[in-house]
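# Tertiary structure, described
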Amino acid sequence: GLAAEDEIILTLRRAEVELLVGQLKMFRDDMQWGYRDNALMEICADFPRPDFYKRLFKECGLDADDL
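One structure accompanies this document, and this report is about it. Residue indices begin from 1 for each chain and proceed along its sequence in written order. Local features in this predicted model are restricted to residues whose pLDDT is 70 or higher, and side-chain atom pairs enter the listing and the counts only when it is 80 or higher, whereas totals over whole chains, interfaces and linings include all residues. Water and hydrogen atoms were dropped before computing side-chain values, which therefore reflect all heavy atoms in the structure.

## Examining the overall build of the protein chain
Per the convention used, a helix needs a DSSP run of H or I reaching at least four residues, while a strand needs a run of E reaching at least two, with both numbered from the N terminus. If you tally the helices and strands in the protein chain, you get 3 helices and 0 strands. For the protein chain, the succession of helices and strands along the chain, N to C, is α-α-α. Classification of residues uses two cut-offs on accessible area relative to the type maximum, computed with a 1.4 Å probe and protein chains only: under 20% is buried, over 50% is exposed, and between them is partly exposed. Buried residues in the protein chain amount to 6% of all 67 residues. With the model as given, the accessible surface of the protein chain reaches about 6,500 Å², and the carbon-plus-sulfur share is 56%. Under the convention used here, a 1.4 Å probe and the Shrake-Rupley method define accessible areas, while residue burial counts only the protein chains that appear.

Okay, structure coming up:
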């Protein structure tokens, strides 16, 4: 949630680094798509909770009403 491009840590095998970097460069260079161009730094928490979560919340003794 809302991590900036310099706040993300991930782990992968050495063999996968070249593939990942190549795909990221494709997004940036070929598709003109980058993090700063398309990132909306906001979370909209006002949405109806799916029925599955309502049931799960009730089972756990939590407030199951929608916001």
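After that view, the rundown keeps rolling.
## Digging into a nonpolar patch on the surface
On the surface, Ile8, Leu10, Leu12, Val17, Leu20, Val21, Leu24, Phe27 and Met31 cluster together into a nonpolar patch covering about 750 Å² of accessible area. Mapped onto the elements of the fold, Val21 is located in helix 1 (residues 14–30). Grouping into patches uses exposed residues only, defined as over 30% relative accessible area, and leaves out salt-bridged ones; the cut-off is 9 Å for like charges and 5 Å for nonpolar side chains (Val, Leu, Ile, Met, Phe, Trp, Tyr). Within this document, salt bridges are pairs made up of a side-chain nitrogen of Lys or Arg and a carboxyl oxygen of Asp or Glu, the two lying within 4 Å of each other.

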